[in-house]
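Results of the structural survey
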Amino acid sequence: MRSPVRAAAWLVLYVVLAAAPLAFSLKQLDPGRGVWVNLSVGLGFLGLSMMGLQFVLAARFVRATQTFGIDVILQVHRQITGLITFCLLAHPVVLFVWDSRYLALLNVLEAPLRAKLAVTSVALLLVLIATSIWRRHLRLGYQAWQVLHAALAVLIVVTGLTHVLLIGYYVAEPWERVVWIAYAGAFIAIGMWVRTLRPLLRWRNRWRVTEVREQPGHGHTVRLEPLEGSRRRSFAFEPGQFAWIHAGRSPFAMEYHPFSISSSAEDLDGVEFTIKPERGFTSRVHDLVPGDVVYLDGPWGHFTMQRHEGPGFVFVAGGIGITPLLSMLSTMADREDSRPCWVFVGNRHEEQMVGSGELEALSGRMNLTVVHTLSSPGAGWTGRRGRVDVALLDEVLPKSRARLQYFMCGSPQMMDATEAALRSIGVPDANLHSERFGMV
């Protein structure tokens, strides 16, 4: 994080906002309904407030993302969901343990509306978690998941708030109603920001497709240049960052996807994204033609060598993970940076070597050592075989390896294994940097 003081302030603000509704559970209850009911109610309020704050974490506010990095914020967004689930499930369980008569509320056919809404809210939360964790197994496209995720989140908060209002006991006082109105208003305002104001701001980042180049493995590099002859300085990015691409007819379209920038930060005329076809928009990227208009939301991310100075750099990529590393390398080449760099690229087959042409060209412009290794090469492959492992790293890297800065991008399994291998040959954790901005 760039500012520990600012980070601490953000954390304190989050805790205060999340815990504020706990005050509702402190009121004096009727005789016979003591600490257990208050505990149950407190857990429910805490889970509901944190659920509302999830909208804040997902809204990509610039000041917060600049402090922590959007990858950290999205990771917290996912992890907080576990705490929310615990609170919202423990809320009724405590009541059931305290008085088994409350179990009758699970009979949604005969239970009062407030109980039906509570059950619905928890059930929707479980659906939200399941569709996020197993999105790929369910063959749920990224765009469809975005719409479903947003709709489920809104329904969870609305049903939860309505459940509280129908109970009434904890929102009877004027100050209690004011607090809930403020929270509800804030959630609505965040929704308007995300779906109305932010898209309007994207209108300033209209870009035209000027080139679509083929890459190995059926990948494509898409070059974008700003409309209306404006310079790219308004989209100043640091090498290694990423952006969301909105490929719809307007900035309000729901089809938007995060991609790493693969071009040099010194290229002030345009920006490039190298995309590997998988499903959804990525499988249709080759349909883009020069003249098409897209919108960019960004740049985002802290994955850049500019924030981690060192006497040299080591880059490790798996497959399409080479894209942000290409941005950093090409930027260094354009700046005539003479510091030594090593690039390790792992793929399965020769035809999957995205960015190999760019790396070959960069080798002639900078102090660069490129090592390709294939785990399942064809019979004609004469290069290295296997994965990027301890033996390969130990053989190629210099003795001064502990002073270098390391950047990794690929599958989580590949990055975990590479980090472990580097630690085993003496590289300190402070010098290890990985790109983990996966959305789900």
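Details of the structure are given in the entry above.
Residues numbered from 1 in each chain as written. Predicted model: local features only at pLDDT ≥ 70, side-chain atom pairs only at ≥ 80, totals over all residues. Heavy atoms only, no water.

1. Notes on the overall build of the protein chain
Each helix and strand in the protein chain was counted, giving 11 helices and 12 strands. In terms of its C-alpha atoms, the protein chain occupies a principal-axis envelope of roughly 80 × 50 × 45 Å. In the protein chain, which comprises 440 residues, the proportion classed as buried is 48%. The contacts of the protein chain with a sequence gap of at least 6 include a subset with a gap of at least 24, amounting to 73%. Total accessible area computed for the protein chain in this model is approximately 21,300 Å², and 61% of it derives from carbon and sulfur atoms. Across the protein chain, the mean location of the 42 positive side-chain charges is 5 Å away from that of the 35 negative side-chain charges. (Helix = DSSP H or I, 4+ residues; strand = E, 2+ residues; numbered from the N terminus. Buried < 20%, exposed > 50% of the residue type's maximum accessible area, 1.4 Å probe, protein only. Contact = heavy atoms within 4.5 Å. Areas by Shrake-Rupley, 256 points an atom, 1.4 Å probe, with all protein chains shown as cover. Lys, Arg positive; Asp, Glu negative; His and termini not counted. Charge placed at Lys NZ, Arg CZ, Asp CG, Glu CD.)

2. Comments concerning the side chain of Ser-434
Along the chain, Ser-434 turns up in strand S12 (residues 432-434). With relative accessibility at 18%, the residue Ser-434 sits in the buried group. At 3.3 Å, the side chain of Ser-434 forms a polar contact with the side chain of Glu-419. Not counting residues up to four positions away in its chain, the partners in contact with Ser-434 are Phe-303, Met-408, Met-415 and Glu-419. (Polar contact = N/O pair within 3.5 Å; in protein donor to acceptor, adjacent residues only side chain to side chain.)

3. Some thoughts on the packing of aromatic side chains
Per the stated rule, a full pass over the model turns up eight aromatic pairs. Here the aromatic cluster, defined as three or more aromatic residues joined through ring pairs, consists of Phe-303, Phe-313, Phe-315 and Phe-407. (Phe/Tyr/Trp six-rings, centres within 6.5 Å; stacked < 30°, edge-to-face > 60°.)

4. Let's talk about the sheet that holds strand S6 (residues 293-300)
In space, the six strands of this open sheet follow the order S4-S3-S6-S1-S2-S5, with antiparallel pairing throughout. Either end of the sheet is taken by a strand with one partner, and the two such strands are strand S4 (256-260) and strand S5 (271-275). Looking at each pair of strands side by side, their axes are set apart by 40° on average, direction ignored. Here strand S3 (residues 242-246) runs beside S4; their pairing, made up of five bridges, is antiparallel. By the bridge assignment, Ile-245 is partnered in S4 with His-257. (Pairing = 2+ DSSP bridges. Axes fitted to C-alpha atoms, helices over the stretch in contact; angles between N-to-C directions.)

5. Comments concerning the packing of helix H5 (residues 113-133) against helix H6 (residues 142-167)
Two elements in contact, H5 and H6, have axes separated by 8 Å at closest approach and are oriented at 155°. Taken together, the axes of H5 and H6 are roughly antiparallel relative to one another. Helix-helix and strand crossings are classified by hand; for H5 and H6 the assignment is left-handed. Within the contact of H5 with H6, the residues separate by chemical class into 15 nonpolar, nine polar and one charged. (Parallel < 35°, antiparallel > 145°, perpendicular 65-115°, else oblique. Left-handed = near helix turned anticlockwise from the far one by under 90°. Nonpolar A, V, L, I, M, F, W, Y, C, P; charged D, E, K, R; others polar.)

6. Structural notes on the sheet that holds strand S7 (residues 313-318)
Reading across the sheet, the six strands line up as S10-S9-S8-S7-S11-S12 and stay open at both edges, with parallel pairing between neighbours. The sheet is open, and its two borders are formed by strand S10 (384-385) and S12, each paired with just one other strand. Bridge analysis of strand S8 (residues 341-347) against strand S9 (residues 368-374) gives seven bridges, and the strand direction is parallel. Counterpart to Cys-341 in the pairing with S9 is Leu-368. Running at roughly 155° to S9, helix H9 (residues 356-363) makes contact with S8 and S9 of the sheet.

7. Some details on the nonpolar core
Membership of the largest hydrophobic core comes to 34 residues, with the highest contact counts inside it found for Met-51, Ile-84 and Trp-180. In terms of residue count, helix H2 (residues 35-58) provides more of this core than any other element does, nine residues in total. The contacts of Ile-84, once residues within four sequence positions are left out, are Gly-47, Met-50, Met-51, Gln-54 and Leu-125. (Core = buried A, V, L, I, M, F, W, Y, C linked by side-chain atoms within 4.5 Å.)

8. Remarks on the packing of H2 against helix H4 (residues 70-98)
One way to put it is that H2 packs onto H4 with a least axis distance of 8 Å and a crossing angle of 160°. As judged from the angle between their axes, H2 and H4 are roughly antiparallel. Here H2 runs over H4; the crossing is left-handed. Along the lines of polarity and charge, the residues of the contact of H2 with H4 split into 22 nonpolar, seven polar and no charged.

9. Re H2
For H2, with 24 residues, the first-to-last C-alpha span of 35 Å sits near the 34 Å given by 1.5 Å per residue. Most of H2 sits inside the fold, with 17 of its 24 residues counted as buried. Once H2 finishes, Arg-60 follows within two positions and takes phi at roughly 60°, a positive value. (Expected span 1.5 Å × (residues − 1).)

10. Topic: helix H7 (residues 174-202)
For H7, which comprises 29 residues, the first-to-last C-alpha distance of 40 Å matches the rise-based estimate of 42 Å (1.5 Å per residue) to within 8%. By the largest-angle criterion, Trp-193 marks the main kink of H7, which is about 40°. Of the positions making up H7, those classed as buried are Glu-176, Trp-180, Tyr-183, Phe-187, Ile-190, Arg-198, Pro-199 and Arg-202. If you follow the buried residues of H7, they end up packed against helix H1 (4-19), H2, H6, strand S1 (206-215), S3 and S6. (Bend = angle between axes of the 7 residues up to and from the residue.)

Everything listed is a geometric property; what it means functionally is a separate question.
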